[in-house]
Amino acid sequence: MTAAPRGSLSVDLDDEWAYRRALGDPGWRARTSYFAALGPRLDRVLEGRRATCFGVGADARRPEGAALLRSLHERGHEVASHSDDHDLHLHRRPRASIERDLDRSAAALAAATGTPPVGFRAPGYGVSAALWSALASRGYRYDASAFPTPLGPLSRLWFGRHTRGPRVRARVLRDRAAELARGPRVRRIVVDGRALIEVPVTVMPYTRLPIHASHLLLLARRAPRLAERYLELALAACARSGIGPALVLHPTDLLDPAESPALRRFPNMRVPADLKLGLVERWLELTEARFTLGTVAAQAAAASGAS
């Protein structure tokens, strides 16, 4: 019997200020944080598991952020880069600007954990040739920024509607079309003569509908059993297609307004945290019944044939 392909579990460690900035809340400039409340929730969900935590350089330079990232690293989780200042339009900036951001983020994460990052995920899940070129030139092993669903551009528009980015040009539209065409499979690409593994956020094969926890929670608010059935169908489709799911968690999947009053109107934040935690743990158990989950770096290495 052929072994199921390896999947991964990752957490995008966007702190409260990043959400507030995306929502147009001027209070974000105070760099407000919910990391003190998030730490114990992550410990519970990640207990007995190995995951990749995508950290932001600006947070790694602050005491609470550095402490959380260091703790996750010491527990055996991978700490990868989620940019330096969580600019949702980073992938559309000129290459030199992207490189400066990558360098600042890598330095901050290395200072916090003692280990430089080998993987990257862009804020807003945006990919571009300039981003890949910058990553490859710096020796990154993988990029986990792709989100190959038609809902991806809509999500970026919604989250980025209060922030100004570079003008949308034809190449941006081409990048989005190519992202959809490549689909959810992990693959090796060659950029400027260097190998880079692309690990997309998994979407349901065929339909390309999203399956990470934030979307499941939207469904579970009305119909918990339907959300579970939806995930089961997606996992079965992944197994038939030979796709190891790359699952993503966000802090808002684990917190409620008691820990972050500023985000009380954010989608899913009205769901009690204890209920969220129970659902997320159940969904991870369902996935682990079919697939081996680990870090994104391990999934990328398996896909490239590395030991």
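Read on for an overview of the structure. (Residues numbered from 1 in each chain as written. Predicted model: local features only at pLDDT ≥ 70, side-chain atom pairs only at ≥ 80, totals over all residues. Heavy atoms only, no water.)

### What about the overall build of the protein?
Basically, it comes down to this: Numbering of helices and strands runs from the N terminus; a helix is a DSSP stretch of H or I covering at least four residues, while a strand is a stretch of E covering at least two. Using a 1.4 Å probe on the protein chains alone, a residue whose accessible area is under 20% of its type maximum counts as buried, one over 50% counts as exposed, and one in between counts as partly exposed. Any two residues having at least one pair of non-hydrogen atoms within 4.5 Å are treated as being in contact.
Within the protein one finds twelve helices and nine strands. For the protein, the residues scored as buried account for 55% of the 307 residues in total. A separation of at least 24 residues holds for 77% of the contacts in the protein among residues at least 6 apart in sequence.

### Things to note about the environment of Ala 273
Relative to the helices and strands, Ala 273 is located in helix H11 (residues 273–288). Among the residues examined, Ala 273 registers a relative accessible area of 2% and is labelled buried. With 18 residues separating them in the primary sequence, Ala 273 and Leu 255 have C-alpha atoms 5.1 Å apart. When residues no more than four places from it in sequence are discounted, the contact partners of Ala 273 are Arg 41, Leu 254, Leu 255, Asp 256 and Glu 259.

### Brief notes about the nonpolar core
Rules: Side-chain atoms within 4.5 Å link the members of a nonpolar core, which is a set of buried Ala, Val, Leu, Ile, Met, Phe, Trp, Tyr and Cys residues.
One finds Leu 13, Leu 38, Leu 42, Val 45, Leu 46, Val 280 and Trp 283 to be the most contacted residues of the largest nonpolar core, which totals 49 residues. At the level of secondary structure, the elements contributing two or more residues to this core comprise strand E1 (7–12), helix H2 (35–46), helix H4 (63–74), helix H5 (95–113), helix H9 (213–220), helix H10 (224–241), strand E8 (246–249) and H11. Non-local contacts of Val 280, meaning those with residues more than four positions away in its chain, are made with Val 45, Ala 213, Leu 249, Asp 253 and Leu 254. Core analysis: the next-biggest nonpolar cluster, separate from the first, contains 15 residues, Ile 98, Ala 134, Ile 189 and Val 191 among them.

### Describing the packing of H4 against H5
This is how it is decided: Think of each axis as a best-fit line through the C-alpha atoms, taken over the contacting stretch in the case of a helix, with angles from 0 to 180 degrees between the N-to-C directions. For classification purposes, an angle smaller than 35 degrees is called roughly parallel, one larger than 145 roughly antiparallel, one from 65 to 115 roughly perpendicular, and anything else oblique. For any helix crossing, the convention is left-handed if the near helix is rotated counterclockwise from the far helix by under a right angle, and right-handed if that rotation is clockwise. Ten residues, namely Ala, Val, Leu, Ile, Met, Phe, Trp, Tyr, Cys and Pro, are considered nonpolar, four, namely Asp, Glu, Lys and Arg, are considered charged, and the remaining ones, Gly among them, are considered polar.
Running from N to C, H4 and H5 point in directions that differ by 65°, and their axes come no closer than 8 Å. With respect to H5, the element H4 is oriented roughly perpendicular. In this structure, H4 meets H5 at a crossing whose hand is right-handed. Each of Ala 66, Leu 69, Arg 70 and His 73 in H4 lies in contact with H5, whose residues at this interface are Leu 109, Ala 112 and Thr 113. Here the residues of the contact of H4 with H5 are counted per class, giving four nonpolar, two polar and one charged.

### A closer look at the side chain of His 250
Applied cut-off: Pairs of N or O atoms within 3.5 Å make up the polar contacts considered here, provided that, within protein, one atom can donate a hydrogen while the other can accept it, and that residues adjacent in sequence are counted only when both atoms are side-chain atoms.
For His 250, the location among the structural elements is in the loop between E8 and H11. Relative accessible area serves as the criterion here: at 9%, His 250 is assigned to the buried category. Of note is the side chain of His 250, whose polar atom sits 3.3 Å from the side chain of Ser 214. Apart from the residues within four sequence positions on either side, His 250 is in contact with Asp 12, Asp 14, Tyr 19, Tyr 125, His 212 and Ser 214.

### Some points on the side chain of Arg 49
Note that Arg 49 resides in the loop between H2 and strand E2 (52–55). Side-chain polar atoms of Arg 49 contact the side chain of Glu 288, separated by 2.6 Å. Every residue in contact with Arg 49, bar those within four places of it in the chain, is listed here: Leu 9, His 77, Glu 281, Leu 284, Glu 285 and Glu 288.

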